[in-house]
Amino acid sequence: MGDAIKIDNRGDFGLWAIEAAKQIVGDQGFELARAARDATEDELRVAGNALGQAITNALLEVYDGLLGGDEDK
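None of the values given here were measured: they were computed from a predicted structure. (Residues numbered from 1 in each chain as written. Predicted model: local features only at pLDDT ≥ 70, side-chain atom pairs only at ≥ 80, totals over all residues. Heavy atoms only, no water.)

Brief notes about helix H2 (residues 41-67)
Then, in step 1: The end-to-end C-alpha separation of H2 is 39 Å, in line with the 39 Å expected for 27 residues at 1.5 Å each.
Then, in step 2: Every buried residue of H2 is listed here: Ala47, Leu51, Ala54, Ala58, Val62 and Asp64.
Then, in step 3: Buried residues in H2 make contact with helix H1 (10-38).
Then, in step 4: Just beyond H2, the residue with positive phi is glycine 68, at close to 95 degrees. (Helix = DSSP H or I, 4+ residues; strand = E, 2+ residues; numbered from the N terminus. Expected span 1.5 Å × (residues − 1). Buried < 20%, exposed > 50% of the residue type's maximum accessible area, 1.4 Å probe, protein only. Contact = heavy atoms within 4.5 Å.)

Dropping the structure here:
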């Protein structure tokens, strides 16, 4: 997601989640929509998996930040 932010409360987390979702949909959502319209079933599966992975990565990024660092790296 790029720049580090400080999450001190539920509101901060909500704002982060909104911005993260907008970025993920902008980056991955178009590819999924394109694949649904024009691609093969395998390409659609790949695009769907990429969207899921982007969501997972964002959640792990904020989780690592809540723990105070990159725990498994």
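What to know about H1
Then, in step 1: A rise of 1.5 Å per residue sets the reference length of H1, with its 29 residues, at 42 Å; its end C-alpha atoms lie 40 Å apart and thus fit the reference within 8%.
Then, in step 2: Remark: the principal bend of H1, roughly 40 degrees, maps to glutamine 28.
Then, in step 3: When H1 is considered as a whole, its buried residues turn out to be Trp16, Ala20, Ile24 and Ala35.
Then, in step 4: For H1, the secondary structure elements touched by its buried residues are H2.
Then, in step 5: At the N-terminal end of H1, a side-chain oxygen is found 2.9 Å from the backbone nitrogen of glycine 11, two or three residues along, and the residue is asparagine 9. (Bend = angle between axes of the 7 residues up to and from the residue. Polar contact = N/O pair within 3.5 Å; in protein donor to acceptor, adjacent residues only side chain to side chain.)

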